[in-house]
Structure formats: structure tokens, C-alpha cells
Amino acid sequence: EAEGAAEAEEGSADSSASATSAFFAALASAVEVRAEQFNAQGLANLAWAFASVGGAPAPVFEALHVAILPKLREFTGQGLANVAWAFATAGHARALFGPLSSELLSRLDALRAKELAITAWAYATAGVVDAPLFDAIARLATRRLGDFSCQGLANLAWSFAT
């Protein structure tokens, strides 16, 4: 009986994974067509979700990129960090990071320590060299070291050493 239960559980997990995969495939098609209709929070959530499940076809991230650019000022600090993380994680970062840097620099002081660490990690992961942004993050992080978690400090160190 235990063997049969384990097989049923495995079959259920396969079915769930298949349903989730089908959902993300359908969602990718919808996002390609409707990305510009989403608000900043929705765009950040979509980018994060696609990156978290292993990415999406390049056209999806291109549609997100196009939709994000005119709305950069509408993103929260967390939204900007999440977008940077998502695009770096999914390997679609390079074209977005220039305009993203400008927006980040304009309000870097308002970002929380976690957002600074995520942003630095994303740029380093994507291989995007942005000396003005990293200099500004370094100055701010030096003043606010006590605000960072141990993981945040480790991520910052890695980002600056990469």
C-alpha cells in the first residue's frame, strides 16, 4: 500500500508540474501581447515569477523590457531591485540595465539595504559594469553597514569582487 501511495503522490506531483508548466506557457503568450497594460508592480511580479520558474522565452522578457522602460519612475525600490534580479537571473539583463541605472541613481538613498544588495548582485551576475552605480552603492553601504543582514553583506562583497 505504501508503494502505491508513493506512486500516486509522484503522479500527482508530475500532474501539478505539468499544469504549472502549461500555465506559464499560456501566461508567456498573454504577456507578450499585453505587457504594456500592466502597472509597475505587475511587471515586477511577472519578471520575478518567470525568472523564479526558470525563465521564459526571450520575447517575453523583451515585451517586459519594453513595458518597463516608460514606467521606471513608478517602481518602488523593491520593484526596481526585483526587476534587476529577475532580468539577471533569466539572462536577459543587458539592455535594461542602462536605463535602470539612471533611475536607481536618482533615488539610491531611498533604497533599503536589502534592495541595494540585490541590485549589486544582479548587476554583477549579469556582468554589467556600472562604475557610477557601484561607487554610489559603496558609499551608501559604507554609511549603512549596520542595516545589512549578514547575507546582504556577503552578497555585496561578492558583487564588488566579481
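Scroll up for the structure.
Residues numbered from 1 in each chain as written. Predicted model: local features only at pLDDT ≥ 70, side-chain atom pairs only at ≥ 80, totals over all residues. Heavy atoms only, no water.

A. Highlighting the overall build of the protein chain. In terms of helices and strands, the protein chain carries eight helices and zero strands. N-terminal to C-terminal, the α/β element order of the protein chain is α-α-α-α-α-α-α-α. Expressed as a percentage of the 162 residues in the protein chain, the buried residues total 41%. Once local pairs closer than 6 in sequence are excluded, the contacts in the protein chain between residues at least 24 apart make up 68%. Carbon together with sulfur atoms contributes 56% to the accessible area of the protein chain, which is approximately 8700 Å² in total. (Helix = DSSP H or I, 4+ residues; strand = E, 2+ residues; numbered from the N terminus. Buried < 20%, exposed > 50% of the residue type's maximum accessible area, 1.4 Å probe, protein only. Contact = heavy atoms within 4.5 Å. Areas by Shrake-Rupley, 256 points an atom, 1.4 Å probe, with all protein chains shown as cover.)

B. Local environment of the pattern of salt bridges. On inspection of all chains with the given rule, the structure shows five salt bridges. Ionic pairing is found between arginine 107 and glutamate 103, a salt bridge with its closest N-O pair at 2.8 Å. With relative accessibility at 22%, the residue arginine 107 sits in the partly exposed group. By relative accessible area, glutamate 103 is classed as buried at 9%. One salt-bridge network, held together by shared partners, links Arg73, Glu103 and Arg107. (Salt bridge = Lys/Arg side-chain N within 4 Å of Asp/Glu carboxyl O.)

C. Main features of the packing of aromatic side chains. If you walk through the whole model with that rule in mind, you get seven aromatic pairs. Ring centres of phenylalanine 97 and tyrosine 123 lie 4.2 Å apart, and the angle between their planes is 45°; this geometry places the pair in the tilted category. Residue phenylalanine 97 is located in helix H5 (residues 94-106), and its partner tyrosine 123 is located in helix H6 (residues 113-126); the two are separated by 26 residues in the primary sequence. No difference in accessibility class separates phenylalanine 97 from tyrosine 123, as the two residues are buried. What links up through ring pairs into an aromatic cluster is the set Phe97, Tyr123, Phe134 and Phe160. (Phe/Tyr/Trp six-rings, centres within 6.5 Å; stacked < 30°, edge-to-face > 60°.)

D. Up close: the environment of leucine 96. Examined against the element boundaries, leucine 96 turns out to sit in helix H5. Counting along the chain gives 30 residues from leucine 96 to valine 66, while the straight-line C-alpha distance between them is 8.9 Å. Excluding anything up to four places from it in sequence, leucine 96 contacts His65, Ile68, Leu69, Val83 and Phe87.

E. Local environment of the packing of helix H4 (residues 77-90) against H6. Running from amino to carboxyl end, H4 crosses H6 at an angle of 25°, the nearest separation of the two axes being 8 Å. As judged from the angle between their axes, H4 and H6 are roughly parallel. H6 is crossed by H4, and the crossing has left-handed handedness. Across the interface between the two elements, Gly77, Gln78, Ala81, Ala84, Trp85, Ala88 and Thr89 from H4 touch Glu115, Ile118, Thr119, Trp121, Ala122, Thr125 and Ala126 from H6. A per-class count over the contact of H4 with H6 returns eight nonpolar, five polar and one charged. (Axes fitted to C-alpha atoms, helices over the stretch in contact; angles between N-to-C directions. Parallel < 35°, antiparallel > 145°, perpendicular 65-115°, else oblique. Left-handed = near helix turned anticlockwise from the far one by under 90°. Nonpolar A, V, L, I, M, F, W, Y, C, P; charged D, E, K, R; others polar.)

F. Fine view of the nonpolar core. Grouped together as the largest cluster of nonpolar side chains are 50 residues, with contacts concentrated most on Phe50, Leu64, Ile68, Phe87 and Phe97. Elements represented by at least two residues in this core include exactly helix H1 (2-34), helix H2 (40-52), helix H3 (58-68), H4, H5, H6 and helix H7 (131-143). It is H2 that contributes the most residues to this core, eight residues altogether. Beyond its immediate chain neighbours, meaning those up to four positions away, isoleucine 68 contacts Leu43, Phe75, Val83, Phe87 and Leu96. (Core = buried A, V, L, I, M, F, W, Y, C linked by side-chain atoms within 4.5 Å.)

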